[in-house]
Amino acid sequence: LANLSDQLPKITGAIGQFTLDPPRLSTNRVRVGDTVNLSVTFRSVGSLNRFVAPPPPAAGAWQVFDAVATGAAAVSVGTNSFPTGYTAGFIYTMIPLTNDAAATPAIAFSYFDSERRTYVDLSIPSVPITVVPGKTPVNSQVLMAAPAAATDEKKLSLSPLAALPGRSASGLAPL
């Protein structure tokens, strides 16, 4: 598995056969510092109730938040009332940090195809977008350094045990 992790992007443990609909942006024109939503839909012949969204990438020109599930659903095609497929949708919220961003970052994802008995790359491709300067300048270096600064906090720990015992009570009734 060590060799596979070098060759394939982000194996999340998904097993089955999946397809990915083309990703959709909430808008194709955004200002620096404003949010844009990227919607993705995965499809499968098997249930997607426990399907986990691919983790967001660490992209220098973008701040990408964890995906929010829009729900899993069964899909029937034709007159048959039995489900013939399932879908799972996710929305990634992204913020462009520079004017140089010409496309959203690709989101790496791969799964194990149980019929072909091999791992398959099903990464979410980048989507072209126009980023225009914001009304106020955004210093992307400060925004990218903020998560790193938050991890430098002192680690919390319990205080040491008391040297002397505290008050004692003879019963549970208030004093």
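Coordinates for the structure precede this section.
Residues numbered from 1 in each chain as written. Predicted model: local features only at pLDDT ≥ 70, side-chain atom pairs only at ≥ 80, totals over all residues. Heavy atoms only, no water.

1. Looking at the pattern of salt bridges
Throughout the structure, instances matching the rule amount to two salt bridges. Residues D21 and R43 are paired through a salt bridge, measuring 3.0 Å at the closest nitrogen-oxygen approach. In this pair, D21 is assigned in the loop between β2 (18-20) and β3 (24-25) and R43 in strand β5 (residues 36-44), connecting sequence segments 22 residues apart. Residue class for R43 comes out partly exposed when judged on its relative accessible area of 35%. Note that R116 and D113 form a salt bridge whose closest N and O atoms lie 3.1 Å from each other. R116 sits in the exposed class, given a relative accessible area of 54%. Taking the relative accessible area as the measure of exposure, D113 reaches 3% and is therefore buried. (Salt bridge = Lys/Arg side-chain N within 4 Å of Asp/Glu carboxyl O. Helix = DSSP H or I, 4+ residues; strand = E, 2+ residues; numbered from the N terminus. Buried < 20%, exposed > 50% of the residue type's maximum accessible area, 1.4 Å probe, protein only.)

2. Things to note about the environment of V45
Turning to its location among the elements, V45 is positioned in the loop between β5 and β6 (62-64). Judged by relative accessible area, V45 falls into the exposed class, the value being 63%. Separated by 42 residues in the primary sequence, V45 and T87 have C-alpha atoms spaced 8.8 Å apart.

3. Section: the packing of aromatic side chains
Within the structure shown, the criterion is met by nine aromatic pairs. Taking the centre distance of 5.2 Å and the plane angle of 50 degrees together, the rings of F18 and F51 count as tilted. Of this pair, F18 sits in strand β2 while F51 is found in the loop between β5 and β6, placing the two residues 33 residues apart along the sequence. Since its relative accessible area comes to 8%, F18 is described here as buried. Between F51 and F109 the ring centres are 5.7 Å apart and the planes differ by 70 degrees, which places this aromatic pair in the edge-to-face class. One end of the pair, F51, is in the loop between β5 and β6; the other, F109, is in the loop between β8 (85-96) and β9 (110-113), with 58 residues separating them in the sequence. As far as the burial class goes, F51 and F109 line up, both buried. Members of the aromatic cluster, each reached through a chain of ring pairs, are F18, F42, F51, F90, F109 and Y111. (Phe/Tyr/Trp six-rings, centres within 6.5 Å; stacked < 30°, edge-to-face > 60°.)

4. Some thoughts on the sheet that holds β9
Sheet architecture is open: three strands sit in the order β1-β9-β10, paired in mixed fashion. Pairing within the sheet leaves two strands with one partner each, and these edge strands are β1 (11-16) and β10 (118-121). The mean inter-strand angle of the sheet, taken between neighbouring strand axes irrespective of direction, is 35 degrees. For β9 and β10, the ladder comprises four bridges, and the chain directions are antiparallel. For F112, the partnering residue across the bridge sits in β10 and is Y119. (Pairing = 2+ DSSP bridges. Axes fitted to C-alpha atoms, helices over the stretch in contact; angles between N-to-C directions.)

5. Observations regarding unusual backbone geometry
In this structure, R117 takes a positive phi of about 55 degrees despite not being glycine. Residue position: R117 is located in the loop between β9 and β10. Residue R117 is classed as exposed on the basis of its relative accessible area of 68%.

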